[in-house]
Amino acid sequence: MTTVDPQSAIPDALAALDWQEITCQAAAGCTNRATHVVYRHAVDECNRPNLDPSGNIVDILCIGCVRSLKTQLLQQVDQIARCPGGYCLTCGAPVHQLSDVLRKMVQLRSYA
């Protein structure tokens, strides 16, 4: 019998929903159609409430806000990586490249 990790099934379940009416949930108030679910590590604060079990913030964003977020995260990684042994002060995870912070991105289904 094969068991499926419930957490790994969640992104697939979210991606399979009809996202036609769901707008971007960016803090800036964007109203574009959502295109991605993004999991980003809450560096130095990954033990705060309302994060997933891996210490990630889960965002539902449009492609424009995904691009802006990537730019912001690259700047954050660059600043942290300048220090010897760049890592998350909360969990100790390394922070040397974008994938250390931008942990997963799932494209949502489009029914255009």
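One can find the structure itself at the top, above this paragraph.
The sections below set out a description of the structure shown in this document.

So, how was this worked out
Residues numbered from 1 in each chain as written. Predicted model: local features only at pLDDT ≥ 70, side-chain atom pairs only at ≥ 80, totals over all residues. Heavy atoms only, no water. Helix = DSSP H or I, 4+ residues; strand = E, 2+ residues; numbered from the N terminus. Buried < 20%, exposed > 50% of the residue type's maximum accessible area, 1.4 Å probe, protein only. Contact = heavy atoms within 4.5 Å. Areas by Shrake-Rupley, 256 points an atom, 1.4 Å probe, with all protein chains shown as cover. Pairing = 2+ DSSP bridges. Axes fitted to C-alpha atoms, helices over the stretch in contact; angles between N-to-C directions. Core = buried A, V, L, I, M, F, W, Y, C linked by side-chain atoms within 4.5 Å. Lys, Arg positive; Asp, Glu negative; His and termini not counted. Salt bridge = Lys/Arg side-chain N within 4 Å of Asp/Glu carboxyl O. Expected span 1.5 Å × (residues − 1). Arc of directions from axis to C-beta.

Quick look at the overall build of the protein now. If you tally the helices and strands in the protein, you get 3 helices and 3 strands. Ordered by position in the sequence, the α and β elements of the protein form the string α-β-β-α-α-β. Here the protein, with 112 residues, has 35% of them falling under the buried criterion. Sequence separation of 24 or more characterises 62% of the internal contacts of the protein that already satisfy a separation of 6 or more. A total of about 7200 Å² of accessible surface is found on the protein, and carbon and sulfur atoms cover 51% of it.

Note that Cys-30 resides in the loop between α1 (6-16) and β1 (36-41). Put simply, Cys-30 and Cys-65 are 35 residues apart on the chain and 8.0 Å apart in space, counted from C-alpha to C-alpha. Not counting the four nearest positions on each side in its chain, Cys-30 is found in contact with Cys-24, Cys-62 and Cys-65.

It is worth spelling out the sheet that holds strand β2 (residues 56-61) at this point. Here we have 3 strands laid out as an open sheet, ordered β2-β1-β3, and antiparallel in their pairing. Of all strands in the sheet, those with a lone pairing partner are β2 and β3 (102-107), marking the two edges. Across this sheet, the average inter-strand angle for adjacent strands is 15 degrees, counted without regard to direction. Along the sheet, helix α2 (residues 63-81) contacts β1, β2 and β3; its crossing angle with β1, the most-contacted strand, is approximately 15 degrees.

What follows covers the nonpolar core. Cys-24, Leu-61 and Cys-65 are the most contacted members of the largest nonpolar core, which has 18 residues in total. Here this core takes 6 residues from α2, the largest share from any one element. If we skip the residues at most four places from it in the chain, Cys-65 touches Cys-24, Ala-26 and Cys-30. Ala-34, Val-37, Tyr-39 and Val-106 belong to the second-largest nonpolar core, a separate cluster that totals 5 residues.

To continue, consider the pairing of β1. With 5 of 6 residues buried, β1 is to be regarded as a mostly interior element. One ladder, built from 5 bridges, connects β1 with β3; its direction is antiparallel. Across the sheet, the residue bridging to Val-38 is Met-105, located in β3.

Within the fold, Asp-52 resides in the loop between β1 and β2. One buried charged residue, Asp-52, remains without a salt bridge, the closest side chain of opposite sign being Arg-103 at 6.2 Å. Not counting the four nearest positions on each side in its chain, Asp-52 is found in contact with Tyr-39 and Val-58.

In this model, α2 (19 residues) spans 26 Å end to end at C-alpha, consistent with the 27 Å of a helix rising 1.5 Å per residue. Within α2 the residues assigned to the buried category are Cys-65, Val-66, Leu-69, Leu-73, Val-77 and Ile-80. The arc that holds every buried residue of α2, seen down its axis, measures 110 degrees, which confines them to one face. Looking at α2, the residues exposed on the side facing more than 90 degrees away from the buried face are Arg-67, Gln-75 and Gln-79. Buried residues along α2 sit against β1, β2, α3 (98-101) and β3.

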